[in-house]
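Each chain, letter by letter, is given below.
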Amino acid sequence: MSRYSKQDIVRIVEEEGVEFIRLQFTDMFGMLKNVAITASQLGKALENKCMFDGSSIEGFVRIEESDMYLFPDLETFEIFPWRPQQGKVARIICDVYRPNMEPFEGDPRYVLRRAVENAAKDGYTFNVGPECEFFLFHTDDYGQPTTITHERAGYFDLGPVDLGENTRRDMVLSLEQMGFEIEGSHHEVAPAQHEIDFKYAEAMHTADNIMTLKLAVKTIAKRHGMYATFMPKPKYGVAGSGMHINMSLSKDGNNIFQDENGELGLSKEAYYFIGGLMKYMKAITVITNPLVNSYKRMVAGFEAPIYIAWSATNRSPLIRIPSSRGESTRVELRCPDPSANPYLCLAVCLEAGLDGIRNKIMPPESVAENLFGLTEEDRRARGIEALPENLLQAVQELEKSDFIQSVLGKHITEKYIAAKREEWNQYRQQVTNWEIDEYLYKF
């Protein structure tokens, strides 16, 4: 049951002096969109009668079938703490429906909802805790983003070395005002890189929170005269930004990944879940790492995973089992980056893990050694495969996987693949500064 009724929201809007409500939704590529209404139109919105042109949203529908309806999820009503106290602004996250009142199959939130309902048939609740990293850069004289920073701080540094400390503090305080339970925030490895971690929650709530965190981080950064980017690898030679996701399944209120008598304290379901993730990982990668730039992060030397392996003792593999046990037992997938659409990302991970449980897919042996220290021959002998090296390879892996395509649905699969192939084609036509520096004087 939602914490708010329609009457609750109408009352809060009146009592708090809210004048604008943003009806938010997310497109196929993880970009947040909205239709803004005044408080006078709230009743209409709460009756699911607000319409928008879906043909204007990339990856949605053709112009001849463009009418779409926004169905507000009452649970997601929040007042933005950074807006003026006079004429406040609130938001409600919405599901997208067709005119026949059927869910729109191209809505990423619908894809995740379908996966969550699939898990619920077996009595499972999917809990997820993300680790969201981002960079804070200066803007130019026109307010446009740059990759310039004057700070030189590193992992866990504090002010005054960490020049973004005050900005990050305001982000955390704003998120807490919106109901987040922030478990920690800190400076990351690279100069100007930061991380904010919030408490795990059920998958849909977590995906909504990721989208809200991105909006809050960017908004507060701008108020401080800075630009926040979730681009995976904005600068050469430093670590990129990841979005590790920590996952567990609960049943009857208990974490089913824990087993104090099992090897490593893990249940057989935990092993099967890992096995499912590893089986479909190549096909999942284009969802967890969706940009050309994503693969600039996934190279040796910067802690991002490259090889499909798992471990409970080191951080080099794709999948890590953090040391906490009991109700905190979880599986950490380390390849996703913050440019990923969180709804699609969590949906494919959940379905892959469920398939592993249902088909009892055991993962290979865990890897205790640093994978980057093994030779290619060693990895080949142990059957350790690599993730796709670029966006094209990742797209091709999705094209080969009927299972992951079925999770995404025909509509999203076709439009997503077409868009990512076009993105790759646009990229490969570019002539970069590196090529000019490397080849022009030689040839």
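Residues numbered from 1 in each chain as written. Predicted model: local features only at pLDDT ≥ 70, side-chain atom pairs only at ≥ 80, totals over all residues. Heavy atoms only, no water.

Draft legend 1. Highlighting the overall build of the protein chain. Within the protein chain one finds 13 helices and 16 strands. Whereas a compact globule of 443 residues would reach a radius of gyration of roughly 22 Å, the protein chain reaches 22 Å, a difference of no more than 12%. Principal-axis analysis of the C-alpha atoms gives the protein chain an extent of 70 × 60 × 50 Å. Looking at the protein chain residue by residue over its 443 residues, the buried ones come to 53%. Pairs at least 24 apart in sequence give 70% of the contacts found in the protein chain among residues at least 6 apart. A total of about 20,700 Å² of accessible surface is found on the protein chain, and carbon and sulfur atoms cover 48% of it. Across the protein chain, the centroid of the 49 positively charged side chains sits 2 Å from that of the 65 negatively charged ones. (Helix = DSSP H or I, 4+ residues; strand = E, 2+ residues; numbered from the N terminus. Rg over C-alpha atoms; globule rule 2.2 N^0.38 Å. Buried < 20%, exposed > 50% of the residue type's maximum accessible area, 1.4 Å probe, protein only. Contact = heavy atoms within 4.5 Å. Areas by Shrake-Rupley, 256 points an atom, 1.4 Å probe, with all protein chains shown as cover. Lys, Arg positive; Asp, Glu negative; His and termini not counted. Charge placed at Lys NZ, Arg CZ, Asp CG, Glu CD.)

Draft legend 2. Broad picture of the side chain of Thr76. Counting through the fold element by element, Thr76 comes out in the loop between β4 (67-72) and β5 (78-79). At a separation of 2.7 Å, a polar atom in the side chain of Thr76 contacts the main-chain amide nitrogen of Ile93. When sequence neighbours within four positions are dropped, the list of residues in contact with Thr76 reads Arg91, Ile92, Ile93, Arg109 and Asp208. (Polar contact = N/O pair within 3.5 Å; in protein donor to acceptor, adjacent residues only side chain to side chain.)

Draft legend 3. Representation of a nonpolar patch on the surface in the model. Among the surface-exposed residues, Tyr155, Phe156 and Val189 lie close enough to one another that they form a single nonpolar patch of about 300 Å² accessible area. On the secondary structure map, Phe156 appears in the loop between β7 (125-138) and α4 (165-177). Judged by its relative accessible area of 52%, Phe156 is exposed. (Patch = residues over 30% accessible without salt bridge, like charges linked within 9 Å, V, L, I, M, F, W, Y side chains within 5 Å. Salt bridge = Lys/Arg side-chain N within 4 Å of Asp/Glu carboxyl O.)

Draft legend 4. Examining the state of the cysteines more closely. With the rule as written, the count across this model stands at zero disulfides. Cysteine Cys94 shares no disulfide, and the gap to the nearest cysteine sulfur, in Cys50, comes to 8.0 Å. A residue is classified by how much of its surface remains accessible, and Cys94, at 1% relative accessible area, is buried. Sulfur of Cys349: no disulfide; nearest cysteine sulfur belongs to Cys345 and is 4.6 Å away. (Disulfide = S-S within 2.5 Å.)

Draft legend 5. Expanded view of the pairing of β4. Where strand β3 (residues 50-53) and β4 come together, four bridges link them in antiparallel fashion. Bridging across to β4, Phe52 finds its partner in Met68. Where β4 meets strand β6 (residues 88-97), four bridges bridge the pair, whose relative direction is antiparallel. Its bridge partner lying in β6, Pro72 is registered against Cys94. (Pairing = 2+ DSSP bridges.)

Draft legend 6. Representation of the packing of aromatic side chains. Considering all chains together, one arrives at 16 aromatic pairs under this definition. Seen from their ring centres, Tyr307 and Phe372 are 6.1 Å apart, and the 55° between their planes marks the pair as tilted. Taken together, the residues Tyr307 in the loop between α7 (294-297) and β14 (310-311) and Phe372 in the loop between α8 (342-358) and α9 (376-381) connect sequence positions 65 residues apart. The class for Tyr307 is buried, based on a relative accessible area of 13%. Given the relative accessible area of 29%, Phe372 is considered partly exposed. Taken together through their ring pairs, the aromatic side chains of Phe126, Phe257 and Phe273 make up a single cluster. The ring of Phe230 carries the charged tip of Lys214 above its face, separated from the ring centre by 5.9 Å. One cation-aromatic arrangement involves Lys420 over Tyr416; the distance from NZ or CZ to the ring centre is 5.7 Å. (Phe/Tyr/Trp six-rings, centres within 6.5 Å; stacked < 30°, edge-to-face > 60°. Lys NZ or Arg CZ within 6 Å of the ring centre and 35° of its normal.)

Draft legend 7. Expanded view of the packing of helix α3 (residues 108-120) against α8. Where α3 meets α8, the axes come as close as 8 Å, and the angle between the chain directions of the two elements is 25°. By the criterion of interaxial angle, the relationship of α3 to α8 is roughly parallel. The handedness of the crossing between α3 and α8 is left-handed. Only Tyr343, Leu344, Leu346, Ala347, Leu350, Glu351, Leu354 and Arg358 of α8 make contact with α3, whose side of the interface consists of Pro108, Arg109, Val111, Leu112, Ala115, Val116, Asn118 and Ala119. Residues belonging to the contact of α3 with α8 are distributed by class as follows: twelve nonpolar, one polar and three charged. (Axes fitted to C-alpha atoms, helices over the stretch in contact; angles between N-to-C directions. Parallel < 35°, antiparallel > 145°, perpendicular 65-115°, else oblique. Left-handed = near helix turned anticlockwise from the far one by under 90°. Nonpolar A, V, L, I, M, F, W, Y, C, P; charged D, E, K, R; others polar.)

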